[in-house]
Amino acid sequence: MNPSLSLLLLLLLGLSQARSVLDEEQESGAEVDENDTVDMSTRILISNNASNEMLMEGDMVMPRTRNAMMCWYNRCQWKKDSSGFVMIPFTVSSEFSSSERQKIDVAMQSFHRSTCIRFVPRRSEYDYISVENRDGCFSSLGKVGGRQVLSLKRRGCMYHGIIQHEINHALGFQHEQTRSDRDQYVRINWSNINPQMAYNFHKHRTNNLNTPYDYSSIMHYGRTAFSIQYGQDSITPIPDPNVQIGQRKGMSRMDITRINRLYGC
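Residues numbered from 1 in each chain as written. Predicted model: local features only at pLDDT ≥ 70, side-chain atom pairs only at ≥ 80, totals over all residues. Heavy atoms only, no water.

In this section: the nonpolar core. Within the largest apolar cluster, 47 residues are counted, with the highest numbers of intra-cluster contacts made by Ile104, Ile117, Phe119, Ile129, Leu152, Leu171 and Tyr263. Secondary-structure elements contributing two or more residues to this core are β3 (86-92), α3 (98-114), β4 (117-121), β5 (128-132), β7 (147-152), α4 (160-171), β8 (186-188) and α5 (253-262). Here the element with the most residues in this core is α4; it accounts for 5 residues. (Core = buried A, V, L, I, M, F, W, Y, C linked by side-chain atoms within 4.5 Å. Buried < 20%, exposed > 50% of the residue type's maximum accessible area, 1.4 Å probe, protein only. Helix = DSSP H or I, 4+ residues; strand = E, 2+ residues; numbered from the N terminus.)

Pasting the structure below:
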């Protein structure tokens, strides 16, 4: 088969799979605004603009005791119990309203339906995720031990895709556009990026879990992330520059596949 045709078929397959997942998300009660044209990374970066946290790539808490970029190899995954489920204790701040708590619950339940991840209310466990109303949308990368803050600012972060995005960081997943083979799939336009922000686009030695690059991943930033020129690309898909990136509606099929492979679901 012609290589170009093969690539086109793969892209169409990926988009159709992403669409089916989004349909399932809406059926489950996830709120998706089809008229919302603001991509997820833009919302996250706006929300985190005034944050006092030291953040990498816009929304990952800077590690203080280890190199988070080696997370895959340092066993910072959450542990699976004898039942075959990965039980992750969590708490939710009382600052959130009942409707906001419901949004958080719906996002967590989406992992329950398609993976072996299970979020359970904390009792006395030492390691747990504390969902809090801090000054932005951010999370640590993987399990760091003890109380681990996952911040969802009430004004700016309470979107289904953003909640899923930050949970994926807590599970150990980095941004798609920084994976080790990204230069085959996207072009980083360094001239449109402030040199002081260039570190946000450095590639990492990632475990790609034998999965293809996923333009539709909930972990992929939008094309103008960190751009210094309004409306100009900092990230351009290749070979087709018109491929959508930075969707904010819900996990793609490949996002789910990666969780299942990483955690042996």
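Moving on to the packing of aromatic side chains. In the structure shown here, the tally under the stated rule is 5 aromatic pairs. Judged by centre distance (5.4 Å) and plane angle (70°), the ring pair of Tyr213 and Tyr215 falls under edge-to-face. As far as the burial class goes, Tyr213 and Tyr215 line up, both buried. The ring of Tyr128 carries Arg122 above its face, with NZ or CZ at 3.9 Å from the centroid. (Phe/Tyr/Trp six-rings, centres within 6.5 Å; stacked < 30°, edge-to-face > 60°. Lys NZ or Arg CZ within 6 Å of the ring centre and 35° of its normal.)

Residue Ile238 is joined to Pro239 through a cis peptide bond whose omega torsion reads 5°. Tracing the sequence through the fold places Pro239 in the loop between β9 (235-237) and α5. Backbone geometry at Leu209 places phi at a positive 55°, although glycine is not the residue there. Inspection of the secondary structure assignment puts Leu209 in the loop between β8 and β9. We classify Leu209 as buried; its relative accessible area is 12%. With a phi close to 65°, Phe226 is a non-glycine residue in the positive phi region.

Moving on: the pairing of β5. Among the 5 residues of β5, 5 are classified as buried, and the element is accordingly described as predominantly covered. Going residue by residue along β5, you find Tyr128, Ser130 and Glu132 tucked away on one face and Ile129 and Val131 tucked away on the opposite face as well. Pairing of β3 with β5 involves 3 bridges; the strand directions are parallel. Bridge pairing links Thr91 to Ser130 in β5. In terms of strand pairing, β5 meets β7 through 5 bridges, oriented parallel. Bridge pairing links Val131 to Leu150 in β7. (Pairing = 2+ DSSP bridges.)

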